[in-house]
Amino acid sequence: MIKGYAGKILEVNLSTQAIKDIKIGDNILKDYIGGRGLATKILWDRLGKKWEKIDPLKSENILLFLTGPLTGYYPGGRICVSGKSPQSNGVIGSTVAGEFGVELRCACYDGIIVTGESNKPVYLFIKDSDVDIRDASHIWGKDAKQTMATLGRECRELLRKRYPKFGQLKEPSFLYVGPAGENKVRTAVVAAKWTHAAGYGGYGAVMGSKKLKAIAVKGTGPLPKAANIKEVKRLIKVVNDNIYENVLWRRWGTGSGGYEVGAETSSEPVRNWQDEWHNEKSFGVDQFENRVWIKQSWSDFGCPTCCLKVAMIKTGRFKGAITDNPDYEMQAYLGPNLGLFTPEENVFLSSLADDLGLCGIQTGNVMGFAAELFQRGILTKKDLDGIEPKWGDVEAFAALAKKIAYREGIGDLLAEGTYRAALKIGEKKKTDVLKYAVQSKGISIGAHGIRSGKDYPESISYACSVQGGDHTSTAGLPLDGSGSELSEIFNDSGVHCNFNVFGVPRKVKFDFYKAVTGIELTQKEWYKIKAFRILQIQRALLLLGGPDIKWKPKTHDENPPRFYEPLPSGPYKGKTVDKMQVEEDKRRYYNAVGWDENGIPKTKTLEKLGLEDIDKVLKKSCISKSMLK
Amino acid sequence: MTTKKEPIWIARDLIKCSGCRKCEIACSLYHENRIWPEASRIRVFMPVPGADFPHFCTQCKNYPCVKACPVDALSISKKTGAVLVKTKACIACGKCIEACPGRVPHMHPAKNHIVICDLCNGSPQCVKVCQEGGWNVLTTVHRRARPYELYARTPEQIAKDLAIKMYGEQAEDYI
Ligand code: SF4
Ligand code: SF4
Ligand code: SF4
């Protein structure tokens, strides 16, 4: 057995209530590591041949919670949630920080596979190898804070009763869904603590569709044994020492972005991306720090960065709202993107999104989209159930968020996410509204625009990514560079926080992998073979897609139309993305990743990676023919 | 600063705790050569999100745990003031847990004996990492004749205090 792994995965079938342990072969672990890589492999093996027919929100989908060998060792523990995505119809490796992955590994599991669906609300309770499927009717419908409080009490009591001899065990770790997940809202998250979320992918909806409200895990063992613990200790110190230099993130997290990404780099969504520049000092980090942050450093297992800050509103009409930071993405999407420019409004909406179990990025995106349609008179007050989402009207957006989470009225439509909502509204109103949808392949674009050219994503970062608009996994060249999607696949498969690799020599994570597993993994092997293979499978499954939507590279390996409009104001006024340049970059990218001119992985590319079976399915599928057009 | 010659105490500023759990990692690496959160002598509890805090022995003036042990498995280090566990003598009866006002001692998850902070024989590993990270929740000071047992409180009690201090009365709903 390879070092650094627990050596087994828990598989729970919610339809039959069957619980078993499964083993993954060493060769598979060597090639796919864990997290996103392993999820891709498992999904392909189990669902690949019928992928196009699998409805992500029906019992046939499988939901994965996977750690990797570096979880808990590499500073900044996370867990990767995956399955067939109800947003992209492909595979997204959606990671969330916290202690869950560490507890799971300490319970001697590398991950959890959930299949089938329960006929009543349940939660999983895991204490080492003791696993129960428990009734969750009493927490179904509860928001984030109520869920955590009720489950927390119940599980602490269970631990006390069942294991009285130990003394006081620490509370277990939880993953759960809020009302949005229960209602299968496509922008629902799998949440941890109150504020942490695996948002991209929409796996909250998958969890809700299986009537799985939560998972609680308490592991009392050590992390699976590392091959060379002395070296691990040395490497932890190397990472820490490097990160401790990162004064910006340690002090402000990403919370300085809300002002700076708008004012300085002109790449922040403002009013549904009608602009990317603002100079609202009311949104400065000093305002957040002095007015709403009640805790300067909040962190997850082993993390030296502490990018989180706890924020709370103590007086006035938003009194009682609590969230973290908000971090930059929440600042942007539940701030300027909706025409809101005060920390209090931003904390209030972020806290509401947390409570409802909504992804702040993608819900902020779809609400911005609706607000622009309202601005243009395409959606009326009547269409919107009496709500008038004027820019900056925080109450209107709060009302809209609730409608989305409960799928009420217009909320039912917007709960489909920006792309699907755009198709439906376009049909109803007989006008093209896709031009206002700022997304790629069903995934809202992260809050980093490309028009000014001053932020990190490149012209094809979102257009060619296997995770669409996900700003944490963007496509870029050279393939072995730090802007390459293959680099992100490492962090998501490791599984550890991608923030703790910034400023750390790249060699360190490969050394880490060797110190934990005992296996040498060269960078060349990773970039040329292993990560490359994972990318190809993700691409294939994305193209297979279905059943409701299929992507055609010609049309959909593309930026949102808005990115071709010139920036209307600010220091980069007039700048836009050059379509010719995008075509050229796309050609170069296809070439580098071994896809043909239609964006389909070449037979030669797949064969070289031992993926002949995928080639067959891909070529047989209708896509090859229809996609030529 | 302290010298290695005198008994020490670890002063604690719980409200500043980031929840990074580097203290757990350092403690378990030092004592078990593994990363092992539940075997760590200092454990970070977080029943209410955001209100994380480390929980560990405070070396009470009267050492009720030591007195409660029926087989004399616990003793007090002259050098540091820490409670020392004779692992072979300990019968894992849990009497020290009951005697401790903070329910601090806990069983080793894999072995049949109790674990309690031994102050790392005078150079606390947890303090070192907490200081390196700049959180300064933990600080080593000279041990003086003070009622340190005031700090020996259960995780529930501490969590409640910290949560209310942070979030006000609505924290009652979260505990
Ligand atoms: S090292 Fe310090 S800040 Fe980190 S969890 Fe421990 S006590 Fe808290
Ligand atoms: S805190 Fe508990 S374990 Fe420590 S000396 Fe006091 S009674 Fe003993
Ligand atoms: S002083 Fe040493 S034994 Fe005590 S909690 Fe800290 S690291 Fe653990």
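What counts as what
Residues numbered from 1 in each chain as written. Chains lettered and ligands numbered in written order. Predicted model: local features only at pLDDT ≥ 70, side-chain atom pairs only at ≥ 80, totals over all residues. Heavy atoms only, no water. Helix = DSSP H or I, 4+ residues; strand = E, 2+ residues; numbered from the N terminus. Rg over C-alpha atoms; globule rule 2.2 N^0.38 Å. Buried < 20%, exposed > 50% of the residue type's maximum accessible area, 1.4 Å probe, protein only. Contact = heavy atoms within 4.5 Å. Areas by Shrake-Rupley, 256 points an atom, 1.4 Å probe, with all protein chains shown as cover. Near = heavy atom within 4 Å. Nonpolar A, V, L, I, M, F, W, Y, C, P; charged D, E, K, R; others polar. Core = buried A, V, L, I, M, F, W, Y, C linked by side-chain atoms within 4.5 Å. Domains from an automatic or database assignment. Buried area = accessible area lost by both parts, 1.4 Å probe. Salt bridge = Lys/Arg side-chain N within 4 Å of Asp/Glu carboxyl O. Polar contact = N/O pair within 3.5 Å; in protein donor to acceptor, adjacent residues only side chain to side chain. Pairing = 2+ DSSP bridges. Expected span 1.5 Å × (residues − 1). Axes fitted to C-alpha atoms, helices over the stretch in contact; angles between N-to-C directions.

(A) Just the overall build of chain A, in detail. From N to C terminus, chain A includes 24 helices and 17 strands. Computed over the C-alpha atoms, the radius of gyration of chain A is 23 Å, within 12% of the 25 Å expected from 2.2 N^0.38 for a compact globule of 629 residues. A principal-axis box enclosing the C-alpha atoms of chain A has dimensions of 65 × 60 × 50 Å. Across the 629 residues of chain A, 69% fall into the buried class. Across chain A, contacts joining residues at least 24 apart in sequence account for 69% of those joining residues at least 6 apart. Summed over its atoms, the accessible surface of chain A is roughly 20400 Å², and 51% of this surface lies on carbon and sulfur atoms.

(B) Spatial organisation of the site of ligand 1. In the region of ligand 1, the neighbouring residues are Cys17, Ser18, Gly19, Cys20, Arg21, Cys23, Val44, Pro54, Cys130, Trp135, Val137 and Leu138 of chain B. The residue makeup of the shell around ligand 1, split by class, is nine nonpolar, two polar and one charged.

(C) Examining the nonpolar core more closely. Core analysis: the largest hydrophobic core is formed by 256 residues, its most contacted members being Phe65, Ile112, Leu349, Phe512 and Trp526 of chain A together with Leu138 and Tyr167 of chain B. Among the elements that make up this core, the one with the highest residue count is helix α19 (residues 523-544) of chain A (eleven residues). Taken together, domain 1 (9-218) and domain 2 (246-444) of chain A each give at least three residues to this core, which thus spans both.

(D) Quick peek at the domain arrangement of chain A. All names here are of chain A. When the domains of chain A are assigned, the result is domain 1 (9-218) and domain 2 (246-444). The gap between the C-alpha centroids of domain 1 and domain 2 is 26 Å. It is Thr187, Thr195 and Tyr200 that lose the most area in domain 1 upon contact with domain 2, and together they represent 22% of the buried surface on that side. Counting the contacts that link domain 1 with domain 2 gives three salt bridges. Where Asp300 meets Lys193, a salt bridge forms, and the shortest distance between an N and an O atom there is 2.6 Å. Linking domain 1 with domain 2 are 24 residue pairs in polar contact (both at pLDDT 80 or more), by the criterion used here. For the side of domain 1 that touches domain 2, the elements supplying multiple residues, two or more each, are α4 (144-162) and α5 (179-182).

(E) Molecular detail of the side chain of Asp355 of chain A. In this fold, Asp355 of chain A is placed in helix α12 (residues 343-356). Excluding residues that lie within four positions of it along the chain, Asp355 of chain A makes contacts with Asp143, Ala144, Lys145 and Pro179 of chain A.

(F) Molecular detail of the pairing of strand β3 (residues 63-66) of chain A. All names here are of chain A. Burial along β3 is two-sided: Leu63 and Phe65 facing one way and Leu64 and Leu66 facing the other are all buried. Of the pairings in the sheet, the one linking β3 to strand β6 (residues 111-115) comprises four bridges and is antiparallel in character. Within the sheet, the bridge partner assigned to Phe65 lies in β6 and is Ile112. Pairing geometry for β3 and strand β4 (residues 78-82), over three bridges, is antiparallel.

(G) Geometry of α4 of chain A. Residue and element names in this part refer to chain A. A rise of 1.5 Å per residue sets the reference length of α4, with its 19 residues, at 27 Å; its end C-alpha atoms lie 26 Å apart and thus fit the reference within 8%. Among the residues of α4, Ala144, Lys145, Thr147, Met148, Ala149, Leu151, Gly152, Glu154, Cys155, Arg156, Leu158 and Leu159 are the ones counted as buried. The inward-facing, buried residues of α4 abut β7 (122-127), β8 (130-135), β9 (173-176), β12 (212-218), β15 (322-324) and α12. With a side-chain oxygen positioned 3.1 Å from the backbone nitrogen of Lys145, the residue opening α4 is Asp143.

(H) Inspection of the sheet that holds strand β13 (residues 293-298) of chain A at higher detail. Residue and element names in this part refer to chain A. The three strands are arranged β13-β14-β15 in an open sheet whose pairing can be described as antiparallel. Both edges of this open sheet fall to β13 and β15, since each of them pairs with a single strand only. Direction aside, neighbouring strands of the sheet carry axes that sit 15° apart on average. The sheet contact formed by strand β14 (residues 308-312) and β15 spans three bridges and is antiparallel.

(I) Region of the structure containing the interface of chain A and chain B. In this assembly, 51 residues from chain A lie in contact with 45 residues from chain B. With both sides pooled, the region where chain A packs onto chain B buries about 4100 Å², and carbon together with sulfur makes up 55% of that total. If you sort the residues of chain A by the area they bury against chain B, Phe166, Gln168 and Lys170 of chain A come out on top, with a joint share of 18%. Applying the counting rule to chain A against chain B returns four salt bridges. Summed over the shared surface of chain A and chain B, the number is 28 residue pairs in polar contact (both at pLDDT 80 or more).

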